[in-house]
Amino acid sequence: MDIGRLVAMANDIAAFFDSEPDKAVAAEGVRFHITRFWDPRMRREIIAHAQGGGAGLTATAKSAVALLTNSPNQSK
Amino acid sequence: MYAKEYHDLGTPAANGEPVTLEIDGTTVTVPAGTSIMRAAALAGADVPKLCATDTLKAFGSCRVCLVEIEGRKGFPASCTTEVAAGMKVRTANDAVTRLRRSVLELYVSEHPMGTCADSSRCELETLAAAHGIAESRFAGANTPRHLHTAMPVDASNPYFRFDNDACIVCSRCVRACEDTQGTYALTIEGRGIDSRVSASQQQPFLESECVSCGACVEACPTGALMEKSIITAGLPQQAVTTTCAYCGVGCSLVAEITDGAVSRMVPNRNGRANQGHACVKGRFAYGYATHADRVTRPMIRKRITDEWREVSWDEAFGYAASEFKRIQATHGKDSIGGITSSRCTNEETFLVQKLVRAAFGTNNVDTCARVCHSPTGYGLKHTLGESAGTQEFVSVQHADVIVVIGASPTEAHPVFASQMKRRLRAGARLIVIDPRAIALVKSPHVEADYHLRLQPGTNVAVINALAHVVVTEGLTKDQYIADRCEQDSYEKWKKFVADPVNSPEAMETVSGVPAALIRGAARLYARGPNSAIYYGLGVTEHSQGTTMVMGIANLAMATGNLGREGVGVSPLRGQNNVQGSCDMGSFPHEFSGYRHVSDDATRAQFESMWKVQLGAEPGLRIPNMFEAALDGSFRGLYIQGEDFAQSDPNTAHVTAALSAMECIVIQDIFHNETARFAHVFLPGSSFLEKDGTFTNAERRISRVRKIIEPLAGLADWEVTAGLSSALGYPMTYAHPSQIMDEIAALTPTFRGVSYEKLDQLGSIQWPCNERAPSGTPTMHVDSFVRGKGKFYVTAYVPTNERTSGRYPLLLTTGRVLTQYNVGAQTRRTANLAWHSEDRLELHPHDAEARGIEHGDWVGVTSRAGDTVLRVEITDRVAPGVVYTTFHFPESGANLITTENSDWATNCPEYKVTAVQVVKVAQPAAWQLRRQAKQSASVD
């Protein structure tokens, strides 16, 4: 998928959570959102992009993607 | 003329304490405030009448309804005389009958017997005949009226005509226009025998302010105002109650049938959503269902450049199934998906998502709600606990302050707008938050106290500024918050909005709204005491759509405006079944009832019922599907009742994605824009051709009933079942009621819903289960569904779509009253008489600066593309803002909208596109080619 589009989506999500003063909480918010709403192939691609340097990702988005795993959704 | 078999009780219901009286020797008990006319009708002793009808306040002009009351002088009109305890009424005796006969003769002197072609349609002639009147003693040189007034029949409206000769000037039409519709287009002009009904200033109906809602036609007691369809087809022989297939108001309608075809559609007087009213679309624009353009044979083709080949249903199902299997065998099970339709029934959308999850084996299912109200689902679920509006429509009658944000109810939800206007005329205050001066800002007897005319894209700045005033001026309901909300989230939010950066003064530079107006509006809203927010796509279709929905919920919680009648947060849903399609598990991350696919317990229930293993990972959303199609990982799509190529943003991007797929299966009633990229076409069925249910914007589930057989032989639910069976996953339902039983078994909020109960109650607002067996009109009454309401910090983040020297104007989009969505239905009706093309609204200052005059063709260019529209110069839009609708494919409105989307849901940002507008000589080449092609096909 167009990685630029995925980066933009991750950054948009991060922009919402950026109002959270605790950056760890903000990153976890982004991670949780992506895990709940992104198809696995999208998660795989953003993880691979982050592992390659994560060009274009904001700080919060980058922190969040670092928390993502390729493992399936956990039961909620 | 009333609906067939409707018993008109003459005056509206009252709700006082019980009063007992005697009518014609029968003891009757009715609420105080009830008219004698209504009490008598309830007792089975209908009093003759002409100017009275139970949808309108008593008028007391015709004097036909005279009665005798023991102990009282004279013969009072029963419509304007209220019941009293111990009263003894005679509705008929010699004296009353003699008087009534004389009055009727006076009417007949102006409207001779036989004036109406079919006297059985005429209340006057029917009454006169019943009183033995064949001609009038009072007829003279100046009567009948038509000799005096000499007016031609006005047949300008495509759906009804006005024959002044048959008019008895009873004012029912004028009062219906005022009280029921609230448009005030009709009046009685002249005096005495010169009196006559006038649309606007003696204009033909079509050219007047009339909005063609038809309330006047239904109210008319003679043949003066009459549907042309009834004149052509004759009187109805049958009547079937069903639900409108247009907007999210979900009007209950009675389809009247003559010789097997619908001859008239009238609002159900007992319909809870519409309260006996309808609009130009629901009442009149149903002709698309039998339009010649309907596709009635399945078709297939190998490549999208090939000609279509008509085939049998079995061959079409077989071909589609084999293609989907082939793609999955090569590219994996997640390489295909499906789209449910907000125009189809709950049962049909449930089946499509079931097919995708169970037969395809993937969660790649989404719905057109993605591009309209998906932020509503997310925002309200997270703050309040349920992805739906909080009220029923009649709640607005208890509101003291009404806030309309990013919606134009008179255009897009006209029947609810009439209810809203009635409350506003009764004294409720109004705040409008919209870049455009929508009709509610100033119209007859309605004027907004505040119009916050914000820049497109700054909703969140304004909602935060409103909240800032509420918090810093001590207008919060602290006990309500302490009892019902998460205190820590509240404290966090309170600190956030109290920050001076969110003050009206600071946000004025962002939104363009004067701080004083925001302060005034915030105080008005907070002090209510009952304040209700209604919002539309002007809230959701933004990069911060979800943030804005959360901001609205925050404000309502902080001021205690949730959990009772007259308050609430109510999304005005665009299409008839947007709420239902979301409820039914159409989103890729959740099952019906908004439960995430990763929830093991929920998934186990579905797996047990469906006998198949289901995925725990969310699937692709619509925009993600397009991206995946372009990278080759998504290659097949089953689309029920949706037209991406016209309705979705950045058309060039969408069509590139559609072109990249190997198998697209379209199920639709017309050959739409997206069908140009399809390989299989499965003919759909209109709402007249199937059984099922729709769920409207107030969570009201209403029955859709089959009136005619499906033109293509199968209802939509049968088509999905056929495709599923061909894929090796048989669906064996005998009737949609069995699908609803399955929905009820699998969905906690629908557990008590069944067709039997719907027939008993008329309609049901979910949740309907053990705790609420008759449904739930108002949500969050004692506590929020999520337990404690949660405040979210909603920082304003400017959209990436900015104006520049090259694109200096902001385009926003919307609807007009007479057209609907992409126009597939309404473009195939006589509604074209009002709106036959999309136009670009441009402010006079912007027009002058560009040398553009009213009616010119203008090129509209954005970063995504360009198109040409005809211009309308108006100050409805502010300088720097332009506006258009997207009802006509030849307008190409979505060629210029961008892929920007809401952060949480990917709902497109239709409402903010930076553009440049320049004068051009003619439409673009592709538009001319399209017009030529259409002209050729019409010829």
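Residues numbered from 1 in each chain as written. Chains lettered and ligands numbered in written order. Predicted model: local features only at pLDDT ≥ 70, side-chain atom pairs only at ≥ 80, totals over all residues.

### A short note on the overall build of chain B
To keep it simple, the criterion reads: Strands here mean DSSP runs of E at least two residues long; helices mean DSSP runs of H or I at least four residues long; both are numbered from the N terminus. It is over C-alpha atoms that the radius of gyration is taken, and the globule rule equals 2.2 Å times the number of residues to the power 0.38. Here a residue counts as buried when 20 or more other C-beta atoms sit within 10 Å of its C-beta, as exposed when there are 12 or fewer, and as partly exposed otherwise, the C-beta atoms being derived from the backbone. In this description, a residue-residue contact is defined by the distance between C-beta atoms placed from the backbone, which must lie within 7 Å.
Scanning chain B for helices and strands turns up 30 helices and 36 strands. Here the C-alpha radius of gyration of chain B, 29 Å, is about what a compact globule of 939 residues would show, namely 30 Å. Considering only C-alpha atoms, chain B reaches an extent of 90 × 70 × 65 Å along its principal axes. Taking all 939 residues of chain B together, the buried fraction comes to 59%. Within chain B, counting contacts between residues at least 6 apart in sequence, those at least 24 apart form 71% of the total.

### Details of the environment of G44(B)
All names here are of chain B. On the secondary structure map, G44 appears in the loop between α1 (36-42) and β3 (68-69). With 11 C-beta atoms counted inside 10 Å, the residue G44 sits in the exposed group. Counting along the chain gives 21 residues from G44 to I23, while the straight-line C-alpha distance between them is 9.8 Å.

### Observations concerning the interface of chain A and chain B
Selection rule: Three residue categories are used. Nonpolar comprises Ala, Val, Leu, Ile, Met, Phe, Trp, Tyr, Cys and Pro, charged comprises Asp, Glu, Lys and Arg, and polar comprises the others, including Gly.
Contacts between the two partners involve 20 residues from chain A and, on the opposite side, 22 residues from chain B. Elements with a minimum of two residues in the side of chain A that touches chain B: α1 (3-17), α2 (23-37) and α3 (40-51) of chain A. With 5 residues, the top contributor of residues to the side of chain A that touches chain B is α1(A). The residue inventory of the side of chain A that touches chain B, partitioned by class, reads 9 nonpolar, 4 polar and 7 charged.

### Focus: the packing of α2(A) against helix α4 (residues 59-67) of chain A
Residue and element names in this part refer to chain A. Condition: Simply put, an axis is a line fit to the C-alpha atoms, just over the touching stretch for a helix, and the angle between two N-to-C directions goes from 0 to 180 degrees. Should an angle fall under 35 degrees it is taken as roughly parallel, and over 145 as roughly antiparallel, whereas 65 to 115 is taken as roughly perpendicular and any remaining angle as oblique. By convention the crossing between two helices is left-handed if the near helix lies anticlockwise of the far one by an angle smaller than a right angle, and right-handed if it lies clockwise.
One way to put it is that α2 packs onto α4 with a least axis distance of 8 Å and a crossing angle of 60 degrees. The angle between α2 and α4 falls in the class oblique. As α2 runs across α4, the sense of the crossing is right-handed. When α2 is examined against α4, the residues K23, A26, A27, E28, V30, R31 and I34 are found in contact with a partner set consisting of T60, A61, S63, A64 and L67.

### What about the packing of helix α14 (residues 459-472) of chain B against helix α18 (residues 515-527) of chain B?
All names here are of chain B. Two elements in contact, α14 and α18, have axes whose closest approach is 9 Å; the angle formed by their N-to-C orientations is 65 degrees. As for how α14 packs across α18, the hand of that crossing is right-handed. Seen from α14, the contacting residues are V462, A465, L466, V469 and V470; seen from α18, they are I518, R519, A521, A522, R523, Y525 and A526. Of the residues contributing to the contact of α14 with α18, the split by class is 10 nonpolar, no polar and 2 charged.

### Considerations on the domain arrangement of chain B
The extent of an interface is frequently quoted as the accessible surface area lost upon association of the parts. All names here are of chain B. To keep things clear, this is the line we draw: What counts as a domain boundary in this text is fixed by an automatic or database domain assignment.
Domain assignment breaks chain B into domain 1 (18-130), domain 2 (145-290), domain 3 (307-373 + 577-697 + 705-747), domain 4 (392-558) and domain 5 (809-938). Distance between the C-alpha centres of domain 3 and domain 5: 30 Å. Across the boundary between the two partners, domain 3 contributes 16 residues, which contact 16 residues of domain 5. At the level of secondary structure, the elements contributing two or more residues to the side of domain 3 that touches domain 5 comprise α24 (644-647) and α25 (651-660).

### Describing helix α10 (residues 346-360) of chain B
To keep things clear, this is the line we draw: Given a helix with a known number of residues, its expected span is that number minus one, times 1.5 Å.
With 15 residues, α10(B) extends 20 Å from end C-alpha to end C-alpha; this agrees with the ideal 21 Å at 1.5 Å per step. For α10(B), the buried fraction is high: 15 of the 15 residues fall into the buried class.

### A few points about the sheet that holds strand β33 (residues 857-862) of chain B
Residue and element names in this part refer to chain B. Just so we agree on the cut-off: Note on pairing: DSSP must find at least two bridges between two strands before they are called paired.
If you walk around this closed barrel you meet the 6 strands as β31-β35-β32-β34-β33-β36, and the pairing is mixed. The average angle at which neighbouring strand axes cross in this sheet is 45 degrees, direction not considered. Two strands pair when backbone bridges link them, and strand β32 (residues 839-842) and strand β35 (residues 881-885) are joined in this way by 2 bridges, in the antiparallel orientation. Bridge assignment links L840 to a residue of β35, and that residue is T884.

### Here's the deal with the nonpolar core
Note the threshold: We define the nonpolar core as any set of buried residues of the types Ala, Val, Leu, Ile, Met, Phe, Trp, Tyr and Cys, connected via C-beta atoms lying within 7 Å of each other.
I402(B), V462(B) and L466(B) are the most contacted members of the largest nonpolar core, which has 170 residues in total. Considering every element that reaches this core, the biggest residue donor is α14(B), with 10 residues. Contacts of V462(B), omitting those with residues within four sequence positions, involve I433(B), L452(B), L454(B), M507(B), S511(B), V513(B) and I518(B). One finds I13(A), F317(B), C582(B) and I739(B) within the second-largest nonpolar core, a separate group that totals 103 residues.

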